[in-house]
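# Commentary on secondary and tertiary structure
Here is what each chain is made of, one letter per residue.
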Amino acid sequence: MIKEFPKDFWWGAATSGPQSEGRFNKQHANVFDYWYEIEPEAFYNQVGPDTASNFYNSFREDIQMMKEIGLNSVRTSIQWTRLIDDLEEGSLNEDGVRFYNDVINEFIKNDIKPIINLCHFDLPVELYHKYGGWESKHVVDLFVKFAEQSFTLFGDRIEDWFTFNEPMVIVDGEYLYQFHYPNIVDGKKAVQVAYNITLASAKAIARFKEINTNPAGRIGIILNLTPSYPATDSPADKAAAHFADLWSNGLFLDPSIKGSFNPELIDVLTKDGVLWESTTEELAIIEQNTIDVLGVNFYHPNRFQEPSISPNSLTVDWMPHKYYHHYDMPGRRMNVDKGWEIYPKALYDIAINIRDNYQNIPWFVSENGMGVSREERYLDDKGIIQDDYRIQFISEHLYWIHQGMEEGSNCFGYHLWTPIDCWSWKNAYRNRYGFISNNIHTQVKTIKKSGHWFKEVANNNKLELSDDIESNFL
């Protein structure tokens, strides 16, 4: 079976500044830099962000390797902590400006379209310690200053901008489930943070519209959309999955595209006494500054069943999961290294949902990937990782993307997480995701089998499915 893709389809990969660059010459620490300083034992093998994949020093060689594997687009991020000197004034750091100019120019020189995101979980820690981070609307306005500097400096060459990557992870990780610093458990703060980030995105979009002079310029947001499937067809399980979808997907998706929050979600948050503080003026800014383009990160589905106890019987502070309980479907396919279910058809469901319920907005898969530990197990005698599992994973997801496109969903690209094995927060380098392997001790980088395979797919705009792969999922 052969699936052909449009000639202008984005074949690429995604990374981020804090996960690739290292801390070289940075003027400020972000929340992860600081967390590693105070608690290195929280990170796998105590590997922190100081070097990461050394992109700050080796970006020219790294970008050349990205070209070698056929990438025509790469998403990365600008670090607030590198670009800005005075966080209050928004003044520029000279070395940060030089570095990002050099990176952008190098991508363009190699015929790779640079896609720029502004916030990838990496809030300057000073703003958390001083103001409470995204709990503060003052921090919202400081973010807009940083965004404005980025648009002004690089907007002549950058056509595609994104305000935030996976803001739901900030809400979940920092304020509900304790997997990102500052590891707070406070449902009401989590709800306010979600609102403030939505406001920050809308204000940055408003500023972009005011100052953008690039006729091809557009701006969006990147959301981790994870379909919420009910465990059974029972009304209780369907209700649980419905609220999980309102919270996990709709919380950012609705205001970003429709300009307003879902009334049903607002009713629940109001009834529970945790609705955010907002003003009429702020809500107007959100309404008037919706996105032009959407990035979708997808790794695994979520399945839900009714909670085991009544939501009204809980005595702890508010948590969204009082309305649902995660369900592990028997017989599911698993990536056992990461502990995530593999269900590629979810990308088709996302495509149709965007087509039917979200204005068929232009969108692309901005992250998708398979994290595998100890990939040296798959080295051949030539030193190349034979990651056939990754080739199959990508192939299956591309099949379902193509199916959604055939049925009218406006998808225009696919980006794997990630081009080069990168540092992954608390997990450090436990799981590897890249087309290109990285020896973190020597910084020697080597193209994996999947990288060579992807080059052929990208160069031909064509996916050829072997019979064995096809029989696994059709």
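Here, the structure is the one placed above.
The structure contained in this document is the topic of the report that follows. (Residues numbered from 1 in each chain as written. Predicted model: local features only at pLDDT ≥ 70, side-chain atom pairs only at ≥ 80, totals over all residues. Heavy atoms only, no water.)

## Let's talk about the overall build of the protein
For the record, the criterion: Per the convention used, a helix needs a DSSP run of H or I reaching at least four residues, while a strand needs a run of E reaching at least two, with both numbered from the N terminus. Radius of gyration: over C-alpha atoms. The globule rule applied is 2.2 Å multiplied by the number of residues raised to the 0.38 power. For every residue, the accessible area obtained with a 1.4 Å probe (protein chains only) is divided by the maximum for its type, and the residue is called buried under 20%, exposed over 50%, and partly exposed between those limits.
When helices and strands are tallied, the protein shows 16 helices and 19 strands. Relative to the compact-globule value of 23 Å for 474 residues, the protein shows a C-alpha radius of gyration of 21 Å, a close match. Overall, the protein is about 60 × 55 × 50 Å in size when its C-alpha atoms are taken along their principal axes. Each of the 474 residues in the protein was classed as buried or not, and the buried ones make up 60%.

## A few points about the pairing of strand S3 (residues 73-77)
For the record, the criterion: Two strands make a pair as long as DSSP finds a minimum of two bridges between them.
Here S3 lies mainly inside the structure; 5 of its 5 residues are buried. Along S3, one buried face is formed by Ser73, Arg75 and Ser77 and the opposite face, lined by Val74 and Thr76, is buried too. Across 3 bridges, the pairing between strand S2 (residues 10-14) and S3 is parallel. When the sheet's bridge partners are listed, Gly12 is paired in S3 with Ser73. Bridge count between S3 and strand S4 (residues 113-119): 5 bridges; the pairing is parallel. Within the sheet, the bridge partner assigned to Ser77 lies in S4 and is Asn117.

## Here we look at the sheet that holds strand S7 (residues 228-230)
Selection criterion: By definition in these notes, contact holds between two residues if any of their heavy atoms fall within 4.5 Å. To obtain each axis, a line is fitted to C-alpha atoms, and for helices this fit is confined to the stretch in contact; angles are then taken between N-to-C directions over 0 to 180 degrees.
Within the open sheet, the 3 strands sit side by side as S7-S9-S10. Their pairing is mixed. Since the sheet does not close on itself, it has two edges, and those belong to S7 and strand S10 (325-326), each with one partner. Pairing analysis gives 3 bridges linking S7 to strand S9 (residues 302-305), with the strands arranged parallel. Bridge pairing in S9 links Ser228 to Asn302. Relative to the sheet, helix H10 (residues 235-258) contacts S7 and S9, its axis offset from that of S7 by approximately 175°.

## Observations regarding the packing of aromatic side chains
Any aromatic ring pair is given by two values, namely how distant the centres are and how the planes are angled relative to each other. Counted only if it meets this: When the centres of two rings from Phe, Tyr and Trp lie within 6.5 Å, Trp using its six-membered ring, the rings pair. Their planes under 30 degrees apart give stacked, over 60 give edge-to-face, and anything left gives tilted. Distance and angle both matter: a charge sits over a ring if NZ of Lys or CZ of Arg is within 6 Å of the ring centre and within 35 degrees of the ring normal.
Enumeration according to the criterion identifies 48 aromatic pairs in this entry. These aromatic residues form a ring-pair network of at least three members: Phe32, Tyr34, Trp35, Tyr36, Phe43, Phe121, Tyr128, Tyr181, Trp423 and Trp425. Positioned above the aromatic ring of Phe99, the side-chain terminus of Arg82 is 5.3 Å from the ring centre. Positioned over the ring face of Tyr343 is Arg303, at 4.9 Å from the centre of the ring.

## As for helix H14 (residues 388-406)
Selection criterion: Helices are assigned an expected span. That span is 1.5 Å times one less than the residue count.
End to end, H14 covers 27 Å across 19 residues, agreeing with the expected 27 Å (1.5 Å per residue, within 8%). Phi turns positive one or two residues past the end of H14, at Gly408, with a value near 100°.

## Some details on the environment of Ile394
By the element assignment, Ile394 lies in helix H14. As for Ile394 and Thr76, which are separated by 318 residues in sequence, their C-alpha atoms are 20 Å apart. For Ile394, the residues in contact, after removing those within four places along its chain, are Tyr414, Leu416, Phe435 and Trp453.

## Describing the layout of surface pockets
In plain terms, the rule: Definitions used throughout: a 1 Å grid over protein atoms alone; a cavity as a set of points that fits a 1.4 Å probe which cannot get out; a pocket as an open set with protein on both sides within 12 Å along at least five of seven lines; a lining residue as one with an atom within 4 Å of a point. Grid points are joined across faces, edges and corners, and a volume is the space filled by probe spheres set on the points. Under the scheme applied here, ten amino acids are nonpolar (Ala, Val, Leu, Ile, Met, Phe, Trp, Tyr, Cys and Pro), four are charged (Asp, Glu, Lys and Arg), and all others, including Gly, are polar.
The calculated volume of the largest pocket comes to roughly 1,200 Å³. What lines the largest pocket is a set of 43 residues, and nearest its centre among them are Val169, Phe179, Asn224, His300 and Trp340. Listing elements by their share of the lining of the largest pocket, those giving two or more residues are helix H8 (167-175), H10, S9 and strand S12 (340-341). What lines the second largest pocket is a set of 26 residues, among which Glu376, Arg432, Asn438, Asn439 and Ile440 lie closest to the centre. Of all the secondary-structure elements, those providing two or more residues to the lining of the second largest pocket are strand S17 (436-439) and strand S18 (444-447). Partitioning the lining of the second largest pocket into residue classes produces 10 nonpolar, 9 polar and 7 charged.

## Observations concerning the nonpolar core
Quick note on the threshold: Nine residue types can take part in a nonpolar core, namely buried Ala, Val, Leu, Ile, Met, Phe, Trp, Tyr and Cys, and a core is a set of them joined through side-chain atoms within 4.5 Å.
If you look at the biggest cluster of nonpolar residues, it comprises 140 residues, and the most contacted ones within it are Trp80, Trp134, Phe143, Trp161, Trp247 and Leu294. Among the elements that make up this core, the one with the highest residue count is helix H9 (residues 187-211) (12 residues). Leaving out residues up to four positions away in the same chain, Trp80 has contacts with Leu87, Asp122, Leu123, Pro124, Leu127, Trp134, Val139, Leu142, Phe143 and Phe146. If you look at the next biggest cluster of nonpolar residues, it comprises 7 residues, including Ile115, Phe162, Ile222 and Val293.

## Some details on the environment of Lys238
As for its placement among the helices and strands, Lys238 is situated in helix H10. For the pair formed by Lys238 and Gln288, sequence separation is 50 residues and the distance between their alpha carbons is 33 Å. For Lys238, the contacting residues outside a window of four places in its chain are Pro230, Thr232 and Asp233.

## Description of the pattern of salt bridges
As a reminder, the rule being used: What counts as a salt bridge is simple: a side-chain nitrogen of Lys or Arg found within 4 Å of a carboxyl oxygen of Asp or Glu.
Going through the model one piece at a time under the given rule, you end up with 35 salt bridges. With its nearest N and O atoms 3.0 Å apart, the salt bridge here joins Asp156 to Arg157. Under the relative-accessibility criterion, Asp156 is labelled exposed at 56%. Overall, the relative accessible area of 22% leaves Arg157 in the partly exposed class. Among the charged side chains, a network of salt bridges with common partners joins Glu375, Asp387, Arg390, Asp421, Arg432 and Lys448.

## Thoughts on the sheet that holds strand S5 (residues 160-165)
In a beta sheet, neighbouring strands pair by backbone hydrogen bonds and run either parallel or antiparallel. Strand order in the closed barrel made by the 8 strands is S2-S3-S4-S5-S6-S8-S13-S15, with parallel pairing throughout. Going across the sheet, the axis of each strand differs from the next one's by a mean of 25°, ignoring polarity. Against the sheet, H14 touches S2, strand S13 (363-367) and strand S15 (411-417), its axis set at about 165° to S15.

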